[in-house]
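Fold and contact review
What follows is the residue order along each chain.
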Amino acid sequence: MSRFYPESKVEIQGFSAKCYDTLINTASLGLYDKFIKKAIRLIEIKPDDTILDFGAGTGRNALLMQKYLTGTGEILGLEISEEMIAQFRKKTEKFSNISITNQRIDQPLTLEKKYDKVFTSFVFHGFPFEIQKNIISNAFNALKDGGEFVILDFNEFITDQTPLYFRIPFKIVECRYAFEYVERDWKQILTSYGFSSFNEKLFFNNHLRLLKAIKS
Ligand SMILES: C[S@@+](CC[C@H](N)C(=O)[O-])C[C@H]1O[C@@H](n2cnc3c(N)ncnc32)[C@H](O)[C@@H]1O
């Protein structure tokens, strides 16, 4: 499958998709597991939340979110990679309240209902700005009034002012969309799309951020 955005690094395919969780665990020297559990706890998921997971990946995050859904809550992952979808289905097959569909998040969505939360983890930074605006609109339209858009991704920073231990791998691994993403004021942009009441938690020396924004 060819890439929609050839410069993007989030359209993960082949070996990298098949071994995604292992690659992340290894590259982070095992730190990712503790980090992602903490970040998902900080979302403060309620037992009956209905959650859309934009760019859901292998299902690792869905399984962690499922732990907080003790009521009628449910998770629907939107994903384009067949390798990721297969892993997601296998990992979450025990749970009737978790499902996934092959659906692009950067094109208009046709959803049957509105959701309490739209979660996206390490996907958003990998698109051109004009496309990120489509994704924000999709999140806004998919949410109930008062629903929450939750973005787990890089924080905002000036790349050339970050410490070398971060800057070098960031520049090697990431794409130009990510370099532009980190230098934008996302609260201001999200405000112009109708979001407010921001809440953020920072990780790894403030280089990563869980940003929550309410549809007002
Ligand atoms: C870096 S991975 C992150 C996966 C997962 N969110 C996580 O945190 O483990 C990016 C994911 O976004 C998916 N993706 C990329 N472009 C997409 C698009 N336009 N629509 C839906 N999913 C997309 C990729 O297939 C991949 O699974």
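Structure shown above.
Heads up: these notes are all about the structure in this document. (Residues numbered from 1 in each chain as written. Predicted model: local features only at pLDDT ≥ 70, side-chain atom pairs only at ≥ 80, totals over all residues.)

For the rest of this paragraph, the subject is the overall build of the chain. Looking only at helices and strands, one finds 9 helices and 7 strands in the chain. Here the chain has a C-alpha radius of gyration of 16 Å; the compact-globule value for 216 residues is 17 Å, and the two agree. Across its three principal directions, the C-alpha atoms of the chain cover 45 × 40 × 35 Å. Long-range contacts, defined as pairs at least 24 residues apart, comprise 69% of the intrachain contacts of the chain with a sequence gap of at least 6. (Helix = DSSP H or I, 4+ residues; strand = E, 2+ residues; numbered from the N terminus. Rg over C-alpha atoms; globule rule 2.2 N^0.38 Å. Contact = placed C-beta atoms within 7 Å.)

Another aspect to go through is the nonpolar core. As a rule of thumb, nonpolar side chains are buried together in soluble globular proteins. Counting residues in hydrophobic clusters, the biggest one holds 47 residues, and the most contacted among them are Leu52, Val118, Phe149 and Val150. Among the elements that take part in this core, strand β5 (residues 143–154) stands out by supplying 6 residues, more than any other. Among all residues touching Val118, those that are not within four sequence positions of it are Leu52, Phe54, Ala139, Ala142, Leu143, Phe149 and Val150. (Core = buried A, V, L, I, M, F, W, Y, C linked by C-beta atoms within 7 Å. Buried ≥ 20, exposed ≤ 12 C-beta atoms within 10 Å, placed from the backbone.)

Right, let's get into the site of the ligand. Close to the ligand lie 19 residues, the nearest being Gly55, Gly57, Ser81, Ile105 and Ser121. Of all the elements in the fold, those that place two or more residues in the shell around the ligand are α4 (60–66) and β2 (74–79). Classifying every residue of the shell around the ligand by side-chain character gives 9 nonpolar, 5 polar and 5 charged. (Near = placed C-beta within 6 Å. Nonpolar A, V, L, I, M, F, W, Y, C, P; charged D, E, K, R; others polar.)

Strand order in the open sheet made by the 7 strands is β3-β2-β1-β4-β5-β7-β6, with mixed pairing throughout. In this open sheet, the two strands that pair with only one neighbour each are β3 (98–102) and β6 (195–203). Neighbour-to-neighbour, the strand axes of this sheet turn through a mean angle of 20 degrees, independent of strand direction. Bridging between β2 and β3 involves 5 bridges; their strand directions are parallel. Across the sheet, Ile75 pairs through a bridge with Ile98, a residue of β3. Helix α3 (residues 31–42) rests against β5, β6 and β7 (208–215) of the sheet, and its axis sits at about 155 degrees to β6. Contacts from helix α6 (residues 129–142) reach β1 (50–54), β4 (115–121), β5 and β7, with the element oriented near 145 degrees to β5. (Pairing = 2+ DSSP bridges. Axes fitted to C-alpha atoms, helices over the stretch in contact; angles between N-to-C directions.)

As defined by bridge partners, β4 adjoins β5 across 6 bridges and the pair is classed as parallel. Considered in β5, the bridge of Ser121 is made with Leu152. Read from β4 through α6 to β5, the crossover connection turns out right-handed. Looking at chain direction, β5 and β7 are connected through 7 bridges and run antiparallel. The residue bridging Phe149 from the neighbouring strand is Ala213, located in β7. (Right-handed = clockwise from strand over helix to strand, strands pointing away.)

When you line up the elements, Lys187 lands in helix α9 (residues 186–192). Looking at Lys187, the number of C-beta atoms within 10 Å reads 14, which means it is partly exposed. With 12 residues separating them in the primary sequence, Lys187 and Asn199 have C-alpha atoms 9.8 Å apart.

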